[in-house]
Structure formats: structure tokens, C-alpha cells
Amino acid sequence: MPSPYLTLNETVEHETEVRRSRFICAVAPARTVEEAAAFIARRRALHPSATHNCTAYVIGQRLQKGDDDGEPGGTAGTPMVQALVGRGYSDVAAVVTRYFGGVLLGAGGLVRAYGSAVTETLDRAEPVRMVPARLVRVAVAHDQAGRVENDLRASRHAVRDVAYGAEVVFSVAVGEDDVAAFADWVATLTAGRARVEPGEDIHVPEPPRH
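As the structure is a prediction and not an experimental result, all values here were calculated from the model.

Undergrad: Explain the layout of surface pockets to me, and be specific about the residues and the numbers.
TA: What the largest pocket holds in volume is close to 330 Å³. By residue number, the principal contributor to the lining of the largest pocket is strand S9 (residues 168-175), which donates three residues. Reported here for the second largest pocket is a volume of approximately 190 Å³. Residue lining of the second largest pocket: Tyr5, Thr7, Leu8, Asn9, Pro29, Ala30, Arg31, Asp91, Val128, Met130 and Pro205, and that is the complete set. Those elements that provide at least two residues to the lining of the second largest pocket are strand S1 (5-7) and strand S7 (128-140). Residues of the lining of the second largest pocket, tallied by class, amount to seven nonpolar, two polar and two charged.

Put into C-alpha cells, the structure is as follows:
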């Protein structure tokens with residue numbers, strides 16, 4: 001079963017200094033490799049004269065990538081990825097921009113500097129906790145669709161998509177623990193005429209606790 005993870009809704013930036021080298025870290029939401037690449041490109045364009053723009057991203061449950069951008073192998077991208085994963089983040093990209101200050105840090109110093117640049121930036125972030133859910137498809141006849149759509153949109157479950165064909169199919173994000181109760185609710189709502197099919201695993205923001 002998928003696990004909860006943390007992500008961001010907006011970019012957060014923080015600057016540190018280590019032995020006169022400036023490390024400017026920015027971490028942003030990135031749900032796809034394309035979004036990560038676009039964010040990295042923007043940061044590199046913002047700091048074209050930097051000594052290095054090292055990068056890392058973690059997307060989904062398995063996709064992790066770091067780039068040392070000319071720093072000694074394994075001293076920048078890898079500790080940046082480890083910092084993101086260690087804090088439980090996914091669907092995020094990080095860029096640490098370094099302006100060299102004239103003092104060599106050595107491999108161990110670089111690992112610490114790049115890793116802590118990311119963790120200190122995450123300390124200033126407002127994380128969003130994403131929890132496991134299912135994309136549930138609710139298929140109903142056209143004569144029921146209007147009322148069902150109104151009730152679905154008034155519920156706490158997010159309607160992700162509506163498809164019109166021989167019948168109307170709503171794709172609804174439902175928390176993993178709520179799928180059975182949701183199916184019962186839809187059955188009551190439609191007098192048993194709806195077809196409810198749990199689909200793929202997804203994640204949704206954790207609802208606020210009241």
C-alpha cells in the first residue's frame with residue numbers, strides 16, 4: 001500500500017554561507033519530470049554566473065535523481081536527494097546555487113553544505129501531507145447525473161473528472177479508508193443504480209482535523 005508523504009504548494013528559498021561560499025537553495029513542487037526540469041531551468045537562468053547549480057528531484061514513490069553540476073561526484077546531488085527523502089518529501093525539486101568563496105571545502109564539507117542547504121530550506125517550508133487514496137469511478141445514467149454531480153461536489157471528496165458517453169462517469173478521489181463507506185453512500189444516493197469501481201492508487205492532501 002502507498003505511504004503518506006510530504007510535498008509543497010509553493011517555492012521556498014533560503015541562503016546559507018559556508019566558509020565564504022554562498023549556497024542559495026530553492027525547493028519547489030514538481031509532480032512530473034517535466035515540471036522539475038522547467039523549475040531547474042528557471043533557477044539556472046536566474047543565476048547564470050554561479051559556480052554551480054546543483055539539482056535534485058524526487059517524484060512519486062520511486063523516481064529520484066541528483067546532478068552534481070561539476071562538483072566532485074556524489075558531493076552535491078546525492079546528499080540533496082537524501083535530504084529530501086530523509087524528510088519524507090516527494091513531488092519536489094531542489095536547486096542549490098553555489099557562488100564559490102575562495103576556500104575549498106573538501107568532499108565531506110561539500111556533502112554537508114549541500115545536504116544542510118536543503119534541510120535548512122525545508123525547515124522554513126509549510127509542508128502539505130499527502131495521504132493514500134483511490135480514484136473511484138462512479139457511472140450513472142444521464143437522468144441521474146445532475147443530482148449525483150451536485151451531491152458529489154458538495155461532499156468532501158474531490159471530483160477529478162467527468163466523462164459523458166453512453167452514461168456519465170465521475171472520477172472521484174476518495175481516501176483509502178473511506179472507499180467502502182463512499183460506495184455505500186453512492187448506492188443509497190442512486191437507489192443502487194450507480195456502478196462504483198475503485199481505480200488506481202493516488203494521493204490526496206490530508207483533510208484538516210476539526
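Undergrad: Outline the side chain of Gln144, listing residues and values.
TA: Inspection of the secondary structure puts Gln144 in helix H4 (residues 142-154). In this view, Gln144 contacts Thr190 and Arg193; residues no more than four positions away in its chain are not counted.

Undergrad: Give a detailed account of the side chain of Glu71, specifying residues and quantitative values.
TA: With respect to the element layout, Glu71 can be found in the loop between strand S5 (63-67) and helix H2 (77-86). Looking at Glu71, its side chain comes within polar contact range of the side chain of Arg98, at 2.9 Å. Beyond its immediate chain neighbours, meaning those up to four positions away, Glu71 contacts His52, Cys54, Ala76, Arg98, Leu110 and Tyr114.

Undergrad: Provide a residue-level description of the pairing of S9, including the pertinent values.
TA: When a strand is regular, its side chains alternate between the sheet's two faces. The buried fraction of S9 amounts to seven of the eight residues, a majority that puts the element mostly inside the structure. Here S7 runs beside S9; their pairing, made up of eight bridges, is antiparallel. The partner of Val136 across the bridge, within S9, is Val172. In terms of strand pairing, strand S8 (residues 158-164) meets S9 through six bridges, oriented antiparallel. Residue pairing for S9: Ala163 is matched across the bridge by Val169. In textbook terms, the turn of a hairpin is the stretch between consecutive antiparallel strands, and for S8 and S9 this stretch comprises three residues.

Undergrad: Break down the nonpolar core for me, with residues and values.
TA: In this structure, Val27, Met80, Leu84, Val96, Tyr114 and Val118 are the most contacted members of the largest nonpolar core, which totals 25 residues. For this core, the element with the most residues is helix H3 (residues 106-123), which contributes six residues. Sequence-distant contacts of Leu84, defined by excluding residues within four places in its chain, comprise Val27, Ala56, Val58, Tyr89, Val92, Ala94, Val118 and Leu122. Val159, Phe170, Val172 and Ala194 belong to the second-largest nonpolar core, a separate cluster that totals 15 residues.

Undergrad: Mind laying out unusual backbone geometry, listing which residues take part and the relevant values?
TA: The general pattern is negative phi for most residues beyond glycine and trans for most peptide bonds. Its identity as a non-glycine residue notwithstanding, Asp69 has a phi of 45°, on the positive side. Note that Asp69 resides in the loop between S5 and H2. Overall, the relative accessible area of 28% leaves Asp69 in the partly exposed class.

Undergrad: Just give me the short version of the environment of Arg112, but keep the residues and values in it.
TA: By the element assignment, Arg112 lies in helix H3. Taking relative accessible area as the criterion, Arg112 reaches 60% and is therefore assigned exposed. Residues Arg112 and Ala76, 36 residues apart in the sequence, show an inter-C-alpha distance of 8.8 Å.

Undergrad: Break down the packing of H2 against H3 for me, citing the residues and quoting the values.
TA: Between H2 and H3, whose axes approach to 8 Å, the crossing angle comes to 30°. The angle between H2 and H3 falls in the class roughly parallel. Of the two possible hands of crossing, H2 and H3 adopt the one that is right-handed. Packed against H2, whose contacting residues are Pro79, Met80, Ala83 and Leu84, the element H3 presents Val111, Tyr114, Gly115, Val118, Thr119 and Leu122 at the interface. When the residues that make up the contact of H2 with H3 are grouped by side-chain class, the tally is eight nonpolar, two polar and no charged.

Cut-offs and rules
Residues numbered from 1 in each chain as written. Predicted model: local features only at pLDDT ≥ 70, side-chain atom pairs only at ≥ 80, totals over all residues. Heavy atoms only, no water. 1 Å grid on protein atoms, 1.4 Å probe; cavity = no way out; pocket = protein on both sides within 12 Å on 5 of 7 lines; lining within 4 Å. Points joined across faces, edges and corners; volume = space filled by probe spheres on them. Helix = DSSP H or I, 4+ residues; strand = E, 2+ residues; numbered from the N terminus. Nonpolar A, V, L, I, M, F, W, Y, C, P; charged D, E, K, R; others polar. Contact = heavy atoms within 4.5 Å. Polar contact = N/O pair within 3.5 Å; in protein donor to acceptor, adjacent residues only side chain to side chain. Buried < 20%, exposed > 50% of the residue type's maximum accessible area, 1.4 Å probe, protein only. Pairing = 2+ DSSP bridges. Core = buried A, V, L, I, M, F, W, Y, C linked by side-chain atoms within 4.5 Å. Axes fitted to C-alpha atoms, helices over the stretch in contact; angles between N-to-C directions. Parallel < 35°, antiparallel > 145°, perpendicular 65-115°, else oblique. Left-handed = near helix turned anticlockwise from the far one by under 90°.

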